[in-house]
Amino acid sequence: MRKIPFSVQILLGLVLGVALGFLARANDLSWLTSTLDTVGGLFVQLLKLAVPPLVFTAIVVSVVSLRGVTNAARLAVKTLLWFGATALIAVGVGIGLGLLTNPGRGVDLDTAGATAPTKTGSWTDFLAGIVPTNPVGAFVDGNVLQIVFLALVVGAAALLVGEAAEPFVAINRALLAIVQKALWWVIRLAPIGTLGLIGHAVASYGWDLLAPLATFTTAVYVGCAIVLFGVYPLLLVTAGRLNPLRFFAGAWPAIELAFVSRSSVGTMPVTQRSVERLGVPREYASFAVPFGATTKMDGCAAVYPALAAIFVAQVFGVDLGVTDYLLIAFVSVVGSAATAGLTGAIVMLTLTLSTLGLPLAGAGLLLAIDPIIDMIRTATNVAGQALVPTIVAAREGTLDRAAYDSAGRRSLLDPADADADAGPPRRSEDLSPVPA
């Protein structure tokens, strides 16, 4: 199997999973559905298990290693600006498709029986979610945003303490190397995990649930596809002077895994690995990718809530004006951070609906098909999380262009690369600009 490219292995797992899923659904094989669920669930659980120590140690070590770098603040600001700019473009695509397709017109659903989801978003969730009440609880709950906050504070403190903090930094470097080595053992199981995840999705939901909401579902997939294969390549060419095919060749393993796992956080280790293989400096990638995994959601927080808000408004007979569409754009750009401490696009949707004054029960109408459309949403999220660091690094002159051009020619699990990743991040002086 090691002679077969990793992306091909995942594709084989995807095809076999779809076949087994249809087999289980057509013949009502509950044992097969349960087995697929267990296999896929265990794989995502193993990925998420590595996330807390990986994020914390990587950021602590990276902050300390940035001692001699003068452009760290500028990188952070540019990353946030690109997050906002791409989100604004994505929500524009969602609104445009919503106005073009009218996904809620003619839909016959029982709105009387719809109930609001148990989890809803609010503008105070961001401040309440970013600072943990218990540091241990942030790791137990796997709250990535809180872990990022703790790591930034601890890393900055260690940087200011200086020599006295070196033993602590050394422990973090050693733990980071151990976690990364163990993580690649887990990632080698991705084809099997893909089989279980996609197989269970097909066996549990099939495609019959899409019929009443066909227009809406199609619009979500088309909108995400426009952002993924239209907007992102255009930005790579115009803003980064980069070949989009090379980007997708390097980032595709993360995009594939995101599609089947439906988890940006669970995919984050593969996303960071892919970004580094594209030539982004490791110190910068260790900041941008974890932060993006919690706040950069062009699929869940831009395309989807824009289309869903228009759908709900049309189903309940509410007319939206220009001000409402501007509010949708505002919530999509800023609101993703407000829901970073929570999970799921449904939470983001409830924030959008409440801001517009639309019935929160409308979100309940879409719960049945949420797992199906969540696949393309998450794939778009992860692609955006890889795109922004790549463009910022290219514009800053720190992108390794040779690594970028060769990323698609090497397997994600190349033994030499895996061994290199198990070591400590590159020194801060390695962040100097490379020739374009």
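Enquirer: It is not clear to me how the overall build of the protein should be interpreted in this structure. Could you clarify?
Expert: Looking only at helices and strands, one finds 18 helices and 0 strands in the protein. Taking all 436 residues of the protein together, the buried fraction comes to 56%. Of the roughly 17,800 Å² of accessible surface on the protein, 67% is carried by carbon and sulfur atoms.

Enquirer: Looking at this structure, how should I read unusual backbone geometry?
Expert: For residues that are not glycine, phi is negative in most cases, and the peptide bond is trans in most cases. Residue Asp28 is not a glycine yet carries a positive backbone phi of 50 degrees. In this structure, Asn102 is a non-glycine residue whose phi angle is positive, near 45 degrees. You can see Asn102 is positioned in the loop between helix H3 (72-101) and helix H4 (125-130).

Enquirer: I would appreciate a short explanation of a nonpolar patch on the surface in the present structure.
Expert: Together, Leu46, Leu49, Leu189 and Ile192 make up an exposed nonpolar region whose accessible area comes to about 360 Å². Considering the arrangement of structural elements, one finds Leu46 in helix H2 (residues 30-65).

Enquirer: Sorry if this is basic, but what is going on with the pattern of salt bridges here?
Expert: Enumeration according to the criterion identifies 6 salt bridges in this entry. Its salt-bridge partner being Arg282, residue Glu276 comes within 3.4 Å of it at the nearest N-O pair. Overall, the relative accessible area of 13% leaves Arg282 in the buried class. Measuring nitrogen to oxygen at the nearest pair gives 2.8 Å for the salt bridge that ties Lys296 to Asp298. Owing to a relative accessible area of 0%, Asp298 belongs among the buried residues under this scheme. It is possible to trace a salt-bridge network through shared partners that takes in Arg74, Lys78 and Glu396.

Enquirer: Which parts of the structure should I look at to understand the packing of aromatic side chains?
Expert: Aromatic ring pairs are defined here through the distance separating the ring centres and the angle between the ring planes. Taken as a whole, this structure holds 7 aromatic pairs when the rule is applied. Their ring planes at 45 degrees and their centres at 5.2 Å tell us that Phe216 and Phe311 sit as a pair that is tilted. With a gap of 95 residues between them, Phe216 in helix H9 (residues 214-240) and Phe311 in helix H13 (residues 299-315) connect regions that are remote in the sequence. Pair check on accessibility: Phe216 and Phe311 agree, each one buried. Ring geometry for Phe229 versus Trp252: centroids 6.4 Å apart, planes at 40 degrees, classification tilted. Note that Phe229 is positioned in helix H9 and Trp252 in helix H10 (residues 244-261), a separation of 23 residues in sequence. On the accessibility criterion, Phe229 (47% relative accessible area) is partly exposed. Three or more aromatic residues joined by ring pairs make a cluster, and in this case those are Phe229, Phe247, Phe248 and Trp252.

Enquirer: Just to check I follow, could you spell out the packing of H10 against helix H11 (residues 264-277) for this structure?
Expert: Angle between the axes and distance between the axes are the two parameters that describe a pair of packed helices. Relative orientation of the contacting elements H10 and H11 amounts to 165 degrees, with a least axis distance of 7 Å. What the angle tells us is that H10 and H11 run roughly antiparallel. Viewed along their axes, H10 and H11 form a crossing whose handedness is left-handed. Residue-level contacts link Gly250, Ala251, Pro253, Ala254, Leu257, Ala258 and Ser261 of H10 to Thr267, Val270, Thr271, Ser274 and Arg277 of H11. Residues that form the contact of H10 with H11 fall into these classes: 6 nonpolar, 5 polar and 1 charged.

Enquirer: Whenever I open this one, helix H16 (residues 370-396) confuses me. Can you help?
Expert: Here H16 spans 39 Å end to end across 27 residues, near enough to the 39 Å set by a 1.5 Å rise per residue. The element H16 is largely enclosed, with a buried count of 26 among its 27 residues. Trailing H16 by a residue or two, Gly397 shows a phi angle of about 80 degrees, which is positive.

Enquirer: Would you mind going over the nonpolar core with me for this structure?
Expert: Side chains of a nonpolar character, in soluble globular proteins, are inclined to be buried together. By size, the foremost hydrophobic cluster in this structure holds 84 residues, and its most contacted members are Val55, Phe216, Val220, Phe247, Tyr304, Ile328 and Leu366. When residues of this core are assigned to their parent elements, the largest contribution, 12 residues, is made by H13. Setting aside anything within four residues of it in sequence, one finds Leu366 in contact with Leu213, Phe216, Tyr304, Ala308, Phe311 and Leu349. In this structure, Leu54, Leu176, Ala254 and Val260 belong to the second largest nonpolar core, which totals 23 residues.

Enquirer: Is there a simple way to explain the state of the cysteines in this structure?
Expert: By definition, a disulfide is the covalent link that joins the sulfur atoms of two cysteine residues. Evaluation of the coordinates by the stated rule reveals 0 disulfides. Considering cysteine sulfurs only, Cys300 is the nearest to Cys224, which forms no disulfide, with 8.0 Å between them. A residue is classified by how much of its surface remains accessible, and Cys224, at 0% relative accessible area, is buried.

Enquirer: How should the side chain of Thr380 be read in this particular structure?
Expert: Looking at the element boundaries, Thr380 is found in helix H16. Residue class for Thr380 comes out buried when judged on its relative accessible area of 0%. When neighbours within four sequence positions are excluded, Thr380 is seen to be in contact with Cys224, Val227, Leu228, Tyr232, Asp298 and Gly299.

Enquirer: Help me out: how do you make sense of the packing of H2 against helix H7 (residues 166-187) in this one?
Expert: Two numbers describe how H2 lies on H7: the axes approach to 9 Å, and their chain directions differ by 150 degrees. It follows that H2 is roughly antiparallel to H7 by the angle criterion. Of the two possible hands of crossing, H2 and H7 adopt the one that is left-handed. Residue-level contacts link Phe43, Leu46, Leu47, Ala50, Pro53, Leu54, Phe56, Thr57, Ala58, Val60, Val61 and Val64 of H2 to Phe168, Val169, Asn172, Arg173, Leu175, Leu176, Val179, Gln180, Leu183, Val186 and Ile187 of H7. Looking at side-chain class alone, the contact of H2 with H7 contains 19 nonpolar, 3 polar and 1 charged residues.

Enquirer: When you look at the confidence of the model for the protein in this model, what are you seeing that I'm missing?
Expert: Atomic detail in the predicted coordinates should be set aside for any region of low pLDDT. For the protein, the average pLDDT comes to 80, and 81% of its residues sit at 70 or higher. Mean pLDDT across the elements of the protein bottoms out in helix H18 (residues 415-421) (45) and peaks in H9 (93).

Conventions used here
- Position labels on residues start from 1 in each chain and follow its written sequence.
- Whole-chain, interface and lining totals are the exception, using all residues; otherwise, since this is a predicted model, local features are given only for residues with pLDDT of at least 70 and side-chain atom pairs are given and counted only at 80 or more.
- Side-chain measures were taken over the full set of non-hydrogen atoms in the model, leaving aside hydrogen atoms and water.
- Every helix listed is a DSSP run of H or I at least four residues long, and every strand listed is a run of E at least two residues long, numbered separately from the N terminus.
- Categorising residues by exposure relies on relative accessible area from a 1.4 Å probe, with only protein chains included: less than 20% of the type maximum marks a residue as buried, more than 50% marks it as exposed, and the intermediate range marks it as partly exposed.
- Only the protein chains shown count as cover for residues, and the accessible areas themselves come from Shrake-Rupley with a 1.4 Å probe.
- Each patch is assembled from residues with relative accessible area greater than 30% and no salt bridge, linking like charges that lie within 9 Å and nonpolar side chains (Val, Leu, Ile, Met, Phe, Trp, Tyr) that lie within 5 Å.
- When a carboxyl oxygen of Asp or Glu is within 4 Å of a side-chain nitrogen of Lys or Arg, the pair counts as a salt bridge.
- Here is the rule: rings of Phe, Tyr and Trp (six-membered ring for Trp) pair when centre to centre is within 6.5 Å. Planes less than 30 degrees apart are stacked, more than 60 are edge-to-face, and the remainder are tilted.
- A fitted line through C-alpha atoms represents every axis, and for helices the fit uses only the stretch in contact; the resulting angles, taken between N-to-C directions, go from 0 to 180 degrees.
- Oblique is the label for any angle not covered by the other classes, which are roughly parallel (under 35 degrees), roughly antiparallel (over 145) and roughly perpendicular (65 to 115).
- Take the far helix as your reference; a near helix turned counterclockwise from it by less than a right angle gives a left-handed crossing, and one turned clockwise gives a right-handed crossing.
- For this analysis, residues touch if any pair of their heavy atoms sits within 4.5 Å.
- Basically, the charged four are Asp, Glu, Lys and Arg, the nonpolar ten are Ala, Val, Leu, Ile, Met, Phe, Trp, Tyr, Cys and Pro, and anything else, Gly included, counts as polar.
- The span expected for a helix works out to 1.5 Å for each residue beyond the first.
- Side-chain atoms within 4.5 Å are what join buried Ala, Val, Leu, Ile, Met, Phe, Trp, Tyr and Cys residues into a set we call a nonpolar core.
- Two cysteine sulfur atoms make up a disulfide if the distance between them is within 2.5 Å.
- Each residue carries a pLDDT value, the predictor's own confidence for that position, ranging from 0 to 100.

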